[in-house]
Structure formats: C-alpha cells, structure tokens
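Spelled out, the chains give:
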Amino acid sequence: MMDRMPSYLRELEAEAIYVLREAAAQFERPILLFSGGKDSIVLTHLAQKAFYPGSIPFPLLHIDTGHNFPETLAFRDRLVERLGVRLLVRSVQDSIDRGRVQEEPGPNPSRNALQTVTLLDALQELGIDAAIGGARRDEEKARAKERFFSHRDRFGQWDPKNQRPELWHLYNGRKRPGEHFRIFPLSNWTELDVWEYIAVEAIEVPRLYFAHWREVVERDGVLLAVGPYVTPLDGEIPQRKRVRFRTIGDMTCTGAVESDAATVEEILWEVATSRRTERGTRADDRRSETAMEERKRLGYF
C-alpha cells in the first residue's frame, strides 16, 4: 500500500473536487449517477471530500437494469447505509412494464441500451438539471469527446460538435428550460489512476474486481458469467475459470478477463501491463464501431 498520494493524483483529485463544487454551485438539482462500479465509487468518495464536514448535498441515482450482479447491489446498499446518503433507484423493468421500451429478442437479451429511456424519464421526473457521472475520456473514443460540463438538449440528446469551450477551467452551465448537463469530474483520469487512487485512499470496491473462480461461457470472444441472465447457447460449453471484471454493468454484456490479480497491488500491475482496453470486455461496445457514440447521442450515460 502506498504511504502518500503522488502529486499527479493530488492534481486529479483537486480538479475533480473543483468540478463537483462547481456543479453544486451552478445547478439547482444535481444528482450523482451511481452504478456500483469503481468509477462511481471513487466519484462518491470525492464528493465526500468535496463537501466535508457536511454530507454529500445531492442524492445518488441508480438505473437498475434488473440484470445486475447480485454482489453489486449488495455493495451498493452497504455503501449507502454507511454514508447516510439518499439513494434513488429507477428500474428498466418498470420502463418495460409501462411500454416505454421493449425487451430485446433472443435467448439472453441485454438491457444495457434500454437504460437510456429509464434514465431520461428519471431526470425529467425528478427535475434534474445536472447528472454527475464517472465516465473517463480514456475509456472509449466517444467519451473522449465529452467536456467536464457536457450539454444535453431538451430531448436529452448530445451533439459532440456543439460543445462549449472550457478554457482556464471556466465551465458554462447556462441552459434553456428542459435542458440539462452531464458532469464528468473524472474526465482526465485513466483506469490506472483510478486504481492507484483506490490504493492510496484504501477505498473498498466489490469483490468482482478481484480474481475469483466463476463459471463462464465464451461468446464472440467475451467471457460472460453464467447465471440467471446468461445461459449457454447451443454449442457453448460452460467452463470454470479464475477471472475478474474490469468493468461492472449488465451481466449480459459485461465480460470477464482471466486473471490471478487478487489484491489492489496486483491489479495495478496487471492494468499497467495490459494491452487490452478496459472496455474491450464489453459485448455491447462490439455491436458496431460507433456503438457508444450512437447510444450517447440518444442520452446514454
């Protein structure tokens, strides 16, 4: 474990805290998008620091696909109870039941893309004018186009060619009625930065991130965890492998990597030497070369 925080992490931390405070100052009803993944956990930790000794001044919002890892939901509930923050949950299943979205056809349908409608409905219902998320520019080329304060029109849509300049850390949060912003305090962080910060700050994360034995099937080059939402198709043979997850999302599209990294220090070494991108294990990103940008234009996280 590291004894003190390196200067570059101090700078990233200070930048993120500044962005969080700017969001709280400029918007009337901000919310923090919480998935139970490492980035949203680090973001919540930073929000604690930003507003200490007070409590986090906005609630957490989780868009539940209904296909989450049980470990993620258990971790979420423990964290919220420990922090004493307000958690709001909106369900993709409710959107399906109300006819707002339709379940994908096929034996193992993914609900990942369906989250967009549930999210936009929740933002409208709650009157949210700023949704704070843990996305980082290094994750994917579409996310690299986001600003710290990323404007969304009244339909919740994103136009990457019409983003506002952010010179000298000046953020323009002006908007028309019905519009909102996505705020990304971790924009300049990398996956390695996140793990180094977790190490320095001794932040707890779900055990899914650490190597463990799990039954998986390989589908289109992705190792998916066998469970209630992923069942083997014809010709697929489940195998028990020692794996961990680099991202945590919908079980139907979140792939594992074979790994022996059982500690944060071992994960740091593995991430530093890996030649595969973090989202290279996400089946939903493989649907097209512009899959993420297409979803983001429609209002995805």
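Everything below is about the structure shown above.
(A) Here's a closer look at the overall build of the protein. Summing up its helical and strand segments, the protein has 8 helices and 10 strands in all. Against the globule reference of 19 Å for 301 residues, the protein gives a C-alpha radius of gyration of 19 Å, in line with a compact fold. Dimensions of the protein, computed from the C-alpha atoms along their principal axes, are close to 55 × 50 × 35 Å. The buried share among the 301 residues of the protein stands at 56%. Contacts in the protein between residues at least 24 apart in sequence constitute 73% of all its contacts with a sequence separation of at least 6. For the protein, the exposed area adds up to about 14,300 Å²; of that, 50% sits on carbon and sulfur atoms. With 45 positive and 48 negative side-chain charges, the protein shows a spacing of 3 Å between the two charge centroids.

(B) Region of interest: helix 1 (residues 7-26). The end-to-end C-alpha distance of helix 1 is 28 Å, a good match for the 28 Å that 20 residues give at a rise of 1.5 Å each. Every buried residue of helix 1 is accounted for by Leu9, Leu12, Glu13, Glu15, Ala16, Ile17, Val19, Leu20 and Ala23. Each element contacted by the buried residues of helix 1 is listed here: helix 2 (38-51), strand 4 (130-132), strand 5 (149-152), strand 6 (180-183) and helix 6 (191-201).

(C) Representation of the side chain of His62. Structurally, the position occupied by His62 is in strand 2 (residues 60-64). Here His62 falls in the buried class, since its relative accessible area comes to 2%. Side-chain polar atoms of His62 contact the side chain of Arg76, separated by 2.8 Å.

(D) Here's a closer look at the packing of helix 6 against helix 7 (residues 264-273). Where helix 6 contacts helix 7, the two axes come as close as 10 Å, and the packing angle between them is 165 degrees. By the angle between their axes, helix 6 is roughly antiparallel relative to helix 7. In this structure, helix 6 meets helix 7 at a crossing whose hand is left-handed. Of the residues in helix 7, those in contact with Glu191, Leu192, Trp195, Glu196, Ile198 and Ala199 of helix 6 are Val264, Ile267, Leu268, Val271 and Ala272.

(E) The arrangement of the nonpolar core in detail. Val42, Leu46, Phe149, Ile183, Trp189 and Trp195 are the most contacted members of the largest nonpolar core, which totals 60 residues. Of all elements in the fold, only helix 1, helix 2, helix 3 (70-83), strand 4, strand 6, helix 6, strand 8 (222-225) and helix 7 reach the threshold of two or more residues within this core. Counting residues in each nonpolar core, the second largest holds 15 residues, with Leu33, Leu88, Leu119 and Ala122 among its members.

Reading the values: rules and limits
Residues numbered from 1 in each chain as written. Predicted model: local features only at pLDDT ≥ 70, side-chain atom pairs only at ≥ 80, totals over all residues. Heavy atoms only, no water. Helix = DSSP H or I, 4+ residues; strand = E, 2+ residues; numbered from the N terminus. Rg over C-alpha atoms; globule rule 2.2 N^0.38 Å. Buried < 20%, exposed > 50% of the residue type's maximum accessible area, 1.4 Å probe, protein only. Contact = heavy atoms within 4.5 Å. Areas by Shrake-Rupley, 256 points an atom, 1.4 Å probe, with all protein chains shown as cover. Lys, Arg positive; Asp, Glu negative; His and termini not counted. Charge placed at Lys NZ, Arg CZ, Asp CG, Glu CD. Expected span 1.5 Å × (residues − 1). Polar contact = N/O pair within 3.5 Å; in protein donor to acceptor, adjacent residues only side chain to side chain. Axes fitted to C-alpha atoms, helices over the stretch in contact; angles between N-to-C directions. Parallel < 35°, antiparallel > 145°, perpendicular 65-115°, else oblique. Left-handed = near helix turned anticlockwise from the far one by under 90°. Core = buried A, V, L, I, M, F, W, Y, C linked by side-chain atoms within 4.5 Å.

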